[in-house]
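Given next are the chains, with one letter for each unit.
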Amino acid sequence: MGLSRLAALHGVATSYSPSPDVTVSVPDDTVIAVLAALGVDAGTPADVRTCLAAAESRSRLLPPTVVVWAGEPLPPALSGLPPGSAVTVEPEPSEAPGHPSAPLSMRVRAAPPAPPTTPSGDGAGASRPGSDDRSAGAPAAVPAWWIPPPHGVHRVQVRTPDHRRATATLVAAPARVPQPPERSHGFLVQLYSLLSARSWGMGDLGDLADLAAWSGRTLGSGFVQVNPLHAAVPGHPTDPSPYRPSSRRFPDPVHLRIESVPEYGHVRDRTTLDDLRQDAAALSDAVLNKGALIDRDAVWELKRQALELIVEVPLTPGRRAAYCDFLAEEGQALEDHALWCALAEAHGPDWHTWPEDLRDPRSPATARAGAGLLDRVDFHCRLAWLTATQLAAAQRAAEDAGMGVGIVHDLAVGVHPAGADTWAQREAFAHGMSVGAPPDAFNARGQDWGLPPWRPDVLAATGYAAYRGLLRALLSRAGALRIDHVMGLFRLWWVPEGRPPTDGTYVAQDAEAMLAVLVLEAHRAQAVVVGEDLGTVEPGVREALARRGVLGTSVLWFERDWDGDGRPLAPERWRRDCLATATTHDLPSTAARLTGDHVTLRHRLGLLTRSLEEELTEDATGTAEWIALLARLGMLPEGDGDEEAAVRAVHRFLLRTPARMTGVWLPDTVGDRRPQNLPGTWDQYPNWRLPIADADGHPVTLEEITVSPRLHALMDVLRPRKPRTAPPGERRP
């Protein structure tokens, strides 16, 4: 009982339920290992007793972080303060120069006696809100003494009549994130896979801006969703997965459109630059015409050499001022990131193997090393700035094209254990732990994603500074943010190093604080938020997200009446507040799903757990149920057996649902059969390295995609119909 109690005090689960009628106990050694990663020694019964006594003896007047939602009752941490307590809120510095925010001073009053009531029901005895002027119009549950602070992250100080004191972070958040302006459709694309005639071997931010401008103006699209563009861990070969980055806060300069950098035209060594462009053209030709895979490392080597030449060009006064502003805005976080990049060039990409005194970002040795690498640090700072400006340009292109949302960026669930973030924020990560998923009906062995989790206790103690900085950086250049595995805002499955995923356990986050920071930063950026909530979801999570305006994710093949007959869910029964799609980057393309090609692919790779015949039969049965529903609803007038017509019917169905956003997987528009990522594979399949291809497997460029008859036939299903303009003299009905 002692270990269970200690675990509960630190948010560590000692059991979990993979299904409503099943409870699984977590091994004690897993609980002990997870507690150790949280700085709690529970190695022996005596240690448990000591830590438990210490934890239970600590009485906090306030938790480290307190959340106040606009227009909602105060949390117990504030509403339950003793009468007579003095409360002072020190607002965060105003963003308006010369307008400092004055502290808000309040004093907790005793609760007023309940007003008399009458049995007549005429309202004569009805209670009223607090009597002073500040309570006018406020919800009755908000005490009269409370002065709502502006939205932001503040400091709250409390002094009780018995002289106890406490200070905490106060997150004052709007009730909901901004919502999409209207129902809209848009493309989902893995940016690296979208090569144009100008790409250097993989898709880039120029291609993204071009796709947004074209689809917004020509197709009436409202958004383009891309994969995470976070900075990768360098190496040979680099991990190609965009979901295991070095840093989530800073973008990867491999996505730069080199020719769009203003200094490019002023490089003196044109011969070297032209040679690099020819090499880049050869890379693209190999991918598009010779069956080569996208080689991120080769692309980066060419771009790095070009950027080395570009940064030698002096910045104009205006651009120098903009760069200095960027350095000031990003501050210590950018300095740490750039220094890690410079040290990785000298000592390798895994900071665990560096000289011991360089593993601490705040050590004197690290400071000395940084002083000797100032040119390289500035180089990496410059690349971060250039990439951020092109990200912003892509969003402006989307807005200029009339998109209501624009670019939807993707936030990975975690970072690589050897990368910049885990080095710069060592104390914030639970080292020796990895995020994953427990065993479930789809994967009996569970999953280990190799991503160290943030420590919830450190996040709370620091006012969620790292999380806030991450969100602010991403949202500043986005129209919306997709959060991968959004359930991680509530809890994450931690797996101790060296153990199978089945030996993990859940560790709780302060979901209220995580959501409040997310809502606050999205509100500041006026950005939409989409949560990837597929798979097993803890009860109450979807409801909590919906309450805060976070859209969910609904994928057609998974939308069935699981509480009833298990058949496909009728369109009117889908939820409204979601991004509805036919597939994702981790799933088969729609054409592969309809034809069963995805089953034969997994068979060729030895991934099936049953015979090919059994798998094909089950898959065909499920697909036939959907085709039958589409036919009954009149969405398949061409009849069965026409693949392109079936893909269009699937999207007619999505449009029939009330979903706020409808996503079209860009490879679906040209009949691509191949998934971009095949979960459960590493070197057996070219994950994250495939260009978009047509139904015959031949890669196609952005230019070819935009004139594809198959694409335009599909998008005619989704394209908004503009009202007909009546000729002069004709009256419209």
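The model shown is predicted, which means the values in this text are computed figures rather than measured ones.

Caption draft 1: Region of the structure containing a negative patch on the surface. A surface patch of like charges, here negative, comprises Asp269, Asp274, Asp275, Asp279 and Glu312. Tracing the backbone through its elements, the reader meets Asp269 in the loop between β11 (247-251) and α6 (270-289).

Caption draft 2: Expanded view of the sheet that holds strand β14 (residues 447-451). Spatial ordering of the open sheet is given by β14-β13-β16-β17, a layout of four strands whose pairing is antiparallel. Both edges of this open sheet fall to β14 and β17 (505-508), since each of them pairs with a single strand only. Taken over all neighbouring pairs, the strand axes of this sheet differ in orientation by 50 degrees on average, direction set aside. Relative to β17, strand β16 (residues 491-496) is paired through four bridges, and the arrangement is antiparallel. Considered in β17, the bridge of Arg491 is made with Ala508. In the packing of helix α2 (residues 28-37) onto the sheet, the strands contacted are β13 (433-437), β16 and β17, and the crossing angle to β16 comes to about 105 degrees.

Caption draft 3: Structural view of the packing of helix α1 (residues 2-9) against helix α3 (residues 45-57). Viewed as axis vectors pointing N to C, α1 and α3 meet at an angle of 45 degrees, and their least axial separation amounts to 10 Å. One way to sum up the angle between α1 and α3 is to call them oblique. In this structure, α1 meets α3 at a crossing whose hand is left-handed. For the pair α1 and α3, the contacting residues are Gly2, Leu3, Arg5, Leu6 and Leu9 in the first and Val48, Cys51, Leu52, Ala55 and Glu56 in the second. Here the contact of α1 with α3 is built from residues that sort into seven nonpolar, one polar and two charged.

Caption draft 4: Structural context of unusual backbone geometry. With an omega of 0 degrees, the peptide bond running from His236 to Pro237 counts as cis. The topology assignment puts Pro237 in the loop between β10 (230-231) and β11. For His163, which is not glycine, the phi dihedral falls at a positive 75 degrees. Within the secondary structure, His163 sits in the loop between β6 (152-159) and β7 (165-173). Even without glycine at this site, Tyr464 takes up a positive phi of about 60 degrees.

Reading the values: rules and limits
- Residues numbered from 1 in each chain as written.
- Predicted model: local features only at pLDDT ≥ 70, side-chain atom pairs only at ≥ 80, totals over all residues.
- Heavy atoms only, no water.
- Patch = residues over 30% accessible without salt bridge, like charges linked within 9 Å, V, L, I, M, F, W, Y side chains within 5 Å.
- Areas by Shrake-Rupley, 256 points an atom, 1.4 Å probe, with all protein chains shown as cover.
- Salt bridge = Lys/Arg side-chain N within 4 Å of Asp/Glu carboxyl O.
- Lys, Arg positive; Asp, Glu negative; His and termini not counted.
- Charge placed at Lys NZ, Arg CZ, Asp CG, Glu CD.
- Helix = DSSP H or I, 4+ residues; strand = E, 2+ residues; numbered from the N terminus.
- Pairing = 2+ DSSP bridges.
- Axes fitted to C-alpha atoms, helices over the stretch in contact; angles between N-to-C directions.
- Contact = heavy atoms within 4.5 Å.
- Parallel < 35°, antiparallel > 145°, perpendicular 65-115°, else oblique.
- Left-handed = near helix turned anticlockwise from the far one by under 90°.
- Nonpolar A, V, L, I, M, F, W, Y, C, P; charged D, E, K, R; others polar.

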